[in-house]
Amino acid sequence: MSAAGVNLSGASLSFRRLLVVIKQTAYEEYSQLKLRGQAPKALRWQRLESRYKAHKSCVNELLNILREHRVDFSCVNRVELDRQHLANVDLMVAVGGDGTVLSAAHFLDHGTIPLLGINSDPITEEDKTTVKKKTDERRSHGALCMCTANNMHETVPRILHGGGTLRERKRIQCVVKSTFSETRLVPALNDLLIANPSPAAVSRFRMGWLEEVNLEDGAAPLRDGGGNGLYPRTSSSNPTGAPAAPGARSFSSNGNGVGAAGGGFARAPTSQYGTVTRFGGQTYDVKNSLNVWSSGMWVSTSTGSTAAMAAAGGMPMDKESKCLQYLIREHMIEKASSNVSSGSPEDVKGLNNGLLGEDEQLHLRWNSQKGRIFIDGSHLTHNLVLGDEVLINSKAPPLQLFTQEFE
């Protein structure tokens, strides 16, 4: 019988090498600013210190539990976490709140190491009666945490010995293609926000769905500046299908995929805009493209559909859903798809919010001077520039996450 009151006699450890990721509280951050004379005057130090003490108490109690069960562990501050800390680790424990769980999950991009979240400072019954709101924003919500500081004495030993509920959580895969590079971003557990860095600026992009293309005779696609989707036709005079001379790019199509100068081009399968693109060496046709002027776009998993996506007006999703959800914010959409018969408000609303199936891939071509992808919040970002292309799907390795048993 352990000190926590859980009968584990004879049970062997399932996890022996743990990495404990510890949240850095606002009290610690502002204390550093205070030393430099840069802390805001309106800070409520007593409240911040109370939250700091509650968090540190949870951390100390957790470490005592791990020592009691003779588990090898190391600790790292959330802001100092690096991939080198994952060597020989078979379980990661995030102590803090949802933000700490999300930050820790970004380093588990292969999905092989399970993650356990512990809410170090949960809302108490006393909070519900002493503050005007039902919940106290000073404390952690803990939707991604399996247990809290109040019940971890029973939960943590059970997990260490093979208990608990471990579920796969779908994540978002996002690839950004620039002029000279292609970058695969870390998997997002909750959501992506793709928008102009300035909230007052318009986010302009072209959105469509990708469909794999097998080009004839190995011909390479030729991206036409006008979006004609033309590529050289293999012929006796050009048996290799090599790109035509630079001057040939000014040829226009007569509507039948034949160049005005006598048939030097064939037309790849095209959408209204006829864009053919490549990601990872695979050729795609961008289907059902539409130009978007908006405040940006949310993309979320089923896990994140109850977070920012819900606040923005998105749809609730089943936690086990393998789809992604997208939502265009404050949109002004140009009707550009042949599937939309009219520009009625109902049609536009249907394009504003929808689901991306497990086998579907979303494509964006960024048409603003600046852009930014926010990954699971504001801490992790990737900048976009005019002409960058973005591929989004649900093919990222899923996260192994310990969840509350009543989910």
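Since this is a predicted model, take the numbers as computed values, not measurements.

### Observations regarding the overall build of the protein chain
Within the protein chain, the secondary structure is distributed over seven helices and 23 strands. Buried positions account for 47% of the 407 residues belonging to the protein chain. Across the protein chain, the fraction of contacts at a sequence separation of at least 24, relative to all contacts at a separation of at least 6, is 73%.

### With respect to the sheet that holds strand β20 (residues 370-375)
Taken together, six strands build an open sheet; the order of strands is β18-β16-β15-β9-β20-β21 and the sheet is antiparallel. With one partner strand each, in any of the chains shown, β18 (353-356) and β21 (380-385) form the two edges of the open sheet. The mean angle between the axes of side-by-side strands here comes to 20 degrees, regardless of whether they run parallel or antiparallel. Where strand β9 (residues 191-195) meets strand β15 (residues 297-300), four bridges bridge the pair, whose relative direction is antiparallel. By the bridge assignment, Asp191 is partnered in β15 with Ser300.

### Considerations on the nonpolar core
Counting 27 residues, the largest nonpolar core has Met207, Met297, Ile373 and Ile392 as the members making the most contacts within it. Among all residues touching Ile392, those that are not within four sequence positions of it are Ile172, Gln173, Cys174, Ile194, Val299, Leu324, Leu356, Glu360, Gln361 and Leu362. Of all hydrophobic cores here, the second largest spans 25 residues; its members include Leu13, Leu18, Leu63 and Val93.

### A closer look at a nonpolar patch on the surface
A contiguous nonpolar patch, built from Val202, Trp293 and Met332 and spanning about 300 Å² of accessible area, is present on the exposed surface. With respect to the helices and strands, the residue Met332 is situated in strand β17 (residues 332-333).

### With respect to unusual backbone geometry
A positive phi is found at Arg70, a non-glycine position, where the angle reads about 55 degrees. As for its placement among the helices and strands, Arg70 is situated in the loop between α2 (45-68) and β2 (72-77). Look at Arg70 and you get exposed, because its relative accessible area is 76%. The phi torsion at Glu330 lies on the positive side, around 45 degrees, for a residue other than glycine.

### A short note on the pairing of strand β4 (residues 115-119)
Within a regular strand, the side chains alternate between the two sheet faces. β4 sits mainly inside the fold: five of its five residues count as buried. With burial as the criterion, each face of β4 is covered, one bearing Leu115, Gly117 and Asn119 and the other bearing Leu116 and Ile118. Judged from the five bridges that link them, strand β3 (residues 91-96) and β4 form a sheet pairing that is parallel. Paired with Met92 across the strands is Leu115, a residue of β4. Taken together, β3, helix α3 (residues 98-105) and β4 form a β-α-β motif whose crossover is right-handed. Here two bridges tie β4 to strand β5 (residues 147-148), and the two strands are oriented parallel to one another. Its bridge partner lying in β5, Asn119 is registered against Thr148.

Rules used in this analysis
For every chain, the first residue of the written sequence is number 1, and numbering continues from 1 along that sequence. Selection of residues for local features in this predicted model requires a pLDDT of at least 70, selection of side-chain atom pairs for listing and counting requires 80 or more, and totals for whole chains, interfaces and linings are taken over all residues. Side-chain calculation: all heavy atoms of the structure are included, whereas hydrogens and water are not. The way it works is that DSSP assigns letters per residue, a run of H or I at least four long becomes a helix, a run of E at least two long becomes a strand, and they are numbered from the N terminus. Buried residues are those whose accessible area, probed at 1.4 Å on protein chains only, stays under 20% of the maximum for their type, while exposed residues exceed 50% and partly exposed ones sit between those limits. Residues are treated as being in contact if the distance between any of their heavy atoms lies within 4.5 Å. Any two strands between which DSSP finds at least two bridges are classified as paired. In this analysis, axes come from line fits to C-alpha atoms, helices being fitted only over the stretch in contact, and the angle between any two N-to-C directions falls in the range 0 to 180 degrees. Side-chain atoms within 4.5 Å are what join buried Ala, Val, Leu, Ile, Met, Phe, Trp, Tyr and Cys residues into a set we call a nonpolar core. For patch building, the residue pool is restricted to those with more than 30% relative accessible area and no salt bridge; the joining distance is 9 Å between like charges and 5 Å between nonpolar side chains (Val, Leu, Ile, Met, Phe, Trp, Tyr). Calculation of accessible area relied on Shrake-Rupley with a 1.4 Å probe; when residues are assessed, cover is drawn exclusively from the protein chains displayed. For this analysis, a salt bridge means a side-chain nitrogen from Lys or Arg found within 4 Å of a carboxyl oxygen belonging to Asp or Glu. For a crossover, the right-handed case is the one in which the path from the first strand over the helix to the second runs clockwise, viewed with the strands pointing away from the viewer.

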